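Report on the structure
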Amino acid sequence: MKKIIALTGAGISAESGISTFRDSDGLWKKYRFEEVASPMAWERDPELVLEFYNQRRKQLFEVEPNAGHDALVKLEDKYDVQIITQNVDDLHERAGSSNILHLHGELKKARSTADPNLVYELDHWELKMGDKCEKGSQLRPHVVWFGEMVPNIEPAMEISSQADIYLIIGTSLNVYPAAGLVDFAPARAPKYLIDPKANRTAGFSNVTIIEKKASEGVPELVDQLLKDA
Ligand code: OAD
């Protein structure tokens, strides 16, 4: 089976009702990321940081995967599909994709501030000051903040280098190291970029641009790839 890598970003979840970051109605237009998504913010005002992620988590419990997520599941009929997502939502999981690597963490998980190996599933939206790990330390969101390492970047590079076909869906490719992953794909691997504002193709070889929303562009491309398989 050929291997398809799909690097996804906030745009694939936009039509489920989750805001992107850098579009005109994006989260980073309403909040300064330094104040809600950085180690300094956590030090200065942990309640504000928890509240920011609580609101994101609350919303996540209210939305559903869309046709873009669903189509990537269908692709598994004929391909070995690996998703590398920058998203902290669980919509790829809920759609039913089998192989998902989260680069920037997971909203429905919390982590000990004392021991990063202690990670807990959250079945409710609210994480509060006073919620502690088994060692008695405060829990924090299990997300990667600005200025923090991206622990899954090495496996993501390795997976990217094995691509026969590379899909890039709904990401502005503004944030490194995630944005550099496409460069690890073999030059011979065809690349498809799906984004209604797909203007960031500089440097990609062998790329087809599909200027459509994910709910339309991904199912169309998946149908074509299934026919070609
Ligand atoms: P951005 O908000 O930077 O980019 C979203 C992209 O999705 C843009 O290129 C949009 O044109 C596109 N888009 C919007 N609606 C779409 C739709 N319906 N279908 C397909 N594409 C659509 O989001 P990301 O690139 O994911 O990191 O942002 C990367 C990282 O920056 C995030 O993971 C987050 C953020 O800071 C952290 O918080 C660490």
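The notes below deal with the structure included here. (Residues numbered from 1 in each chain as written. Predicted model: local features only at pLDDT ≥ 70, side-chain atom pairs only at ≥ 80, totals over all residues. Heavy atoms only, no water.)

1. Things to note about the site of the ligand
Where we set the bar: By convention in this text, a residue qualifies as near a molecule or strand provided that one of its non-hydrogen atoms is within 4 Å of it. N or O atoms closer than or at 3.5 Å make up a polar contact, with two conditions inside protein: a donor-capable atom paired with an acceptor-capable one, and, for residues adjacent in sequence, both atoms drawn from side chains. Areas reported as accessible are Shrake-Rupley estimates using a 1.4 Å probe. Residue values count occlusion only from the protein chains shown. Residue classes follow a fixed rule: Ala, Val, Leu, Ile, Met, Phe, Trp, Tyr, Cys and Pro count as nonpolar, while Asp, Glu, Lys and Arg count as charged, and any other residue, Gly among them, counts as polar.
Of all residues adjacent to the ligand, which total 24 residues, the nearest are Phe21, Arg22, Thr171, Ser172 and Asp195. Within the contact set of the ligand, an oxygen atom lies 2.8 Å away from a backbone nitrogen or oxygen of Ala10. At a separation of 2.8 Å, an oxygen atom of the ligand approaches a polar side-chain atom of Trp28. Protein contact buries 94% of the 790 Å² of open area that the ligand shows by itself. Of the residues assigned to the shell around the ligand, the class counts are nine nonpolar, eight polar and seven charged.

2. Brief notes about unusual backbone geometry
To be explicit about the condition: Each helix is a run of DSSP H or I of at least 4 residues and each strand a run of E of at least 2, with the numbering of both proceeding from the N terminus. Classification of residues uses two cut-offs on accessible area relative to the type maximum, computed with a 1.4 Å probe and protein chains only: under 20% is buried, over 50% is exposed, and between them is partly exposed.
The linkage connecting Tyr176 with the following residue, Pro177, adopts the cis geometry, with an omega of 10°. Structurally, the position occupied by Pro177 is in the loop between strand 7 (165–169) and strand 8 (191–194). A positive phi is found at Asn206, a non-glycine position, where the angle reads about 60°. Along the chain, Asn206 falls in the loop between strand 8 and strand 9 (207–210). Owing to a relative accessible area of 42%, Asn206 belongs among the partly exposed residues under this scheme.

3. Observations concerning the sheet that holds strand 6 (residues 139–143)
This is how the line gets drawn: Here the rule is simple: two strands pair whenever DSSP picks up at least two bridges between them. Axis geometry follows a simple rule: fit a line to the C-alpha atoms, using only the stretch in contact for helices, then measure angles between N-to-C directions, giving values from 0 to 180 degrees. Throughout, a contact is declared for two residues whenever any of their heavy atoms are within 4.5 Å.
The three strands are arranged 5-4-6 in an open sheet whose pairing can be described as antiparallel. Each having just a single partner strand, strand 5 (119–121) and strand 6 make up the two edges of the open sheet. This sheet shows a mean twist of 45° between the axes of neighbouring strands, independent of strand direction. Packing against the sheet, helix 5 (residues 46–60) makes contact with strand 4 (105–112) and strand 6, and its axis sits at approximately 135° to strand 4.

4. Remarks on the nonpolar core
Test applied: Take the buried residues of types Ala, Val, Leu, Ile, Met, Phe, Trp, Tyr and Cys, join any two whose side-chain atoms come within 4.5 Å, and each joined set is a nonpolar core.
In terms of nonpolar packing, the biggest core is built from 23 residues, with Tyr53 and Trp145 touching the most fellow members. Contributing elements (two or more residues each) for this core: helix 2 (27–30), helix 4 (39–44), helix 5, strand 4 and strand 6. Residues within four places of Trp145 in sequence aside, it is in contact with Val36, Ala37, Ser38, Pro39, Trp42, Val49, Tyr53 and Arg140.

5. Details of helix 5
Quick reminder: α-helices carry 3.6 residues per turn. Residues three or four places apart thus point the same way. This is how the line gets drawn: Here, expected helix span is obtained from the residue count minus one, scaled by 1.5 Å.
Across its 15 residues, helix 5 extends 21 Å between first and last C-alpha, which sits within 8% of the 21 Å expected from 1.5 Å per residue. Residues of helix 5 that are buried: Pro46, Val49, Leu50, Phe52, Tyr53, Asn54, Arg56, Arg57 and Leu60.

6. As for the side chain of Gln82
Considering the arrangement of structural elements, one finds Gln82 in strand 2 (residues 80–85). Looking at Gln82, its side chain comes within polar contact range of the main-chain oxygen of Asn99, at 3.5 Å. In contact with Gln82, other than residues within four places in its own chain, are Ile4, Ile5, Ala6, Asn99, Ile100, Leu101 and Ile159.

7. Side note on the pairing of strand 6
With five of five residues buried, strand 6 is to be regarded as a mostly interior element. When strand 4 meets strand 6, the two strands line up antiparallel, connected through five bridges. Among the inter-strand pairings, Gly105 is bridged to a residue of strand 6, identified as Val143.

8. Quick look at the environment of Ile168
Mapped onto the elements of the fold, Ile168 is located in strand 7. Residues Ile168 and Val49 lie 119 residues apart in sequence; the distance between their C-alpha atoms is 30 Å. If near-sequence neighbours (up to four positions away) are discounted, Ile168 is found in contact with Leu7, Leu173, Val182, Tyr192, Leu193, Ile194 and Phe204.

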